[in-house]
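Here's the letter readout for the chains.
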Amino acid sequence: MEETIYIRMRNRVQAPPQEKVLLNDIAQVIAPDEVLSQLQTLTIHQLTVTDQNIVIIDVMKVIHLIKNEFERMEVQTIGPAQTIIEVMNKKKGVHLPFFLLIWFLLFFGSALAIMNFHDDVSMKSVHEKIYMIITGKKDAKPLLFQIPYSIGLGMGMILFFNHVFKKRINEEPSPLEVEMFNYQMDLDNYVIIHENKESIKKISDD
């Protein structure tokens, strides 16, 4: 009876430059014990300088390499048909002046956006009217509402983004994380189609 090898390709793998990529790195493997260790150390790709920062490993290439080594065994694939290898080059350190400049722009840009929004919706006059309705007195600076509102605005932002600095409040992803995940999925799909040489083929009329 023909024995079967099951492989499940990983979606994305991060690897250092010039790394030798093994089957165990890019896929989960289930196989008979006598060939499992040999399968896991099977070389799939050798990263080089010409690979730049993204490499697509197609499942057909993996099956071809496995069949070359174990031609009598059947290969079954589960899950994604490609793995994206992201070459992780050494990151440069953050320069303090550059960090402070970015922080300054984001802080004051966000503050101006909030203030302009409140000015557009006449938030100040709304607070004055609410204060007048509740207390019966007119006050140009109804701090009784403005201070709690400002605190609540900050607390709402913390709850919305589900983070206090680096600490997560609960396990539920924030809307920003969901949008970043969707963006990453779209980016991966684009890369898989446009960087994978096996996805696109031109048939010449000549």
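Source: prediction; values computed, not measured.

S.K.: Explanation requested: the pattern of salt bridges in the structure shown.
M.R.: Between side chains of opposite charge, a pair can form as their charged atoms come close. If you walk through the whole model with that rule in mind, you get 3 salt bridges. When the shortest N-O distance is used, the salt bridge between Glu86 and Arg12 registers 2.9 Å. Of this pair, Glu86 sits in strand β8 (residues 82-87) while Arg12 sits in strand β2 (residues 12-15), and the two are 74 residues apart along the sequence. Exposure remark for Glu86: the relative accessible area of 22% places this residue in the partly exposed category. The salt bridge partner of Arg12 is Asp188, with a shortest N-O separation of 2.3 Å. Taken as a pair, Arg12 in strand β2 and Asp188 in helix α7 (residues 175-195) lie far apart in primary sequence, 176 residues in all. What makes Arg12 partly exposed here is its relative accessible area of 28%. Three or more residues joined by partner-sharing salt bridges are found here, namely Arg12, Glu86 and Asp188.

S.K.: Help me understand the sheet that holds strand β4 (residues 27-30), please; the structure alone is not making it clear to me.
M.R.: Where strands meet in a sheet, backbone hydrogen bonds hold them as pairs that are either parallel or antiparallel. What the 3 strands build is an open sheet, ordered β4-β1-β7; its pairing is mixed. In this open sheet, the two strands that pair with only one neighbour each are β4 and β7 (74-78). Geometrically, the sheet is characterised by an average inter-axis angle of 25 degrees between neighbouring strands, direction not taken into account. Bridge analysis of strand β1 (residues 4-9) against β7 gives 5 bridges, and the strand direction is parallel. Each residue of the ladder has a partner; that of Ile5, found in β7, is Val75.

S.K.: Teacher, can you tell me more about the packing of aromatic side chains here?
M.R.: Each aromatic ring pair is characterised by the separation of its centres together with the angle its planes make. Applying the stated criterion across every chain yields a total of 4 aromatic pairs. Between Trp103 and Phe107, the ring centres sit 5.2 Å apart and the planes meet at 10 degrees, which makes this aromatic pair stacked. Separated by 4 residues within a single helix, Trp103 and Phe107 lie in helix α4 (residues 96-120), roughly one turn from each other. On the basis of relative accessibility, which here comes to 45%, the residue Phe107 falls in the partly exposed class. When the centroid spacing of 6.2 Å and the interplanar angle of 90 degrees are considered together, the rings of Tyr131 and Phe145 count as edge-to-face. Remark: Phe145 occurs in helix α6 (residues 143-161) and Tyr131 occurs in helix α5 (residues 123-135); sequence separation between them is 14 residues. For Tyr131, a relative accessible area of 14% gives the class buried. Judged by its relative accessible area of 23%, Phe145 is partly exposed. Members of the aromatic cluster, joined through ring pairs, are Trp103, Phe104, Phe107 and Phe108.

Rules and cut-offs
Residues numbered from 1 in each chain as written. Predicted model: local features only at pLDDT ≥ 70, side-chain atom pairs only at ≥ 80, totals over all residues. Heavy atoms only, no water. Salt bridge = Lys/Arg side-chain N within 4 Å of Asp/Glu carboxyl O. Helix = DSSP H or I, 4+ residues; strand = E, 2+ residues; numbered from the N terminus. Buried < 20%, exposed > 50% of the residue type's maximum accessible area, 1.4 Å probe, protein only. Pairing = 2+ DSSP bridges. Axes fitted to C-alpha atoms, helices over the stretch in contact; angles between N-to-C directions. Phe/Tyr/Trp six-rings, centres within 6.5 Å; stacked < 30°, edge-to-face > 60°.

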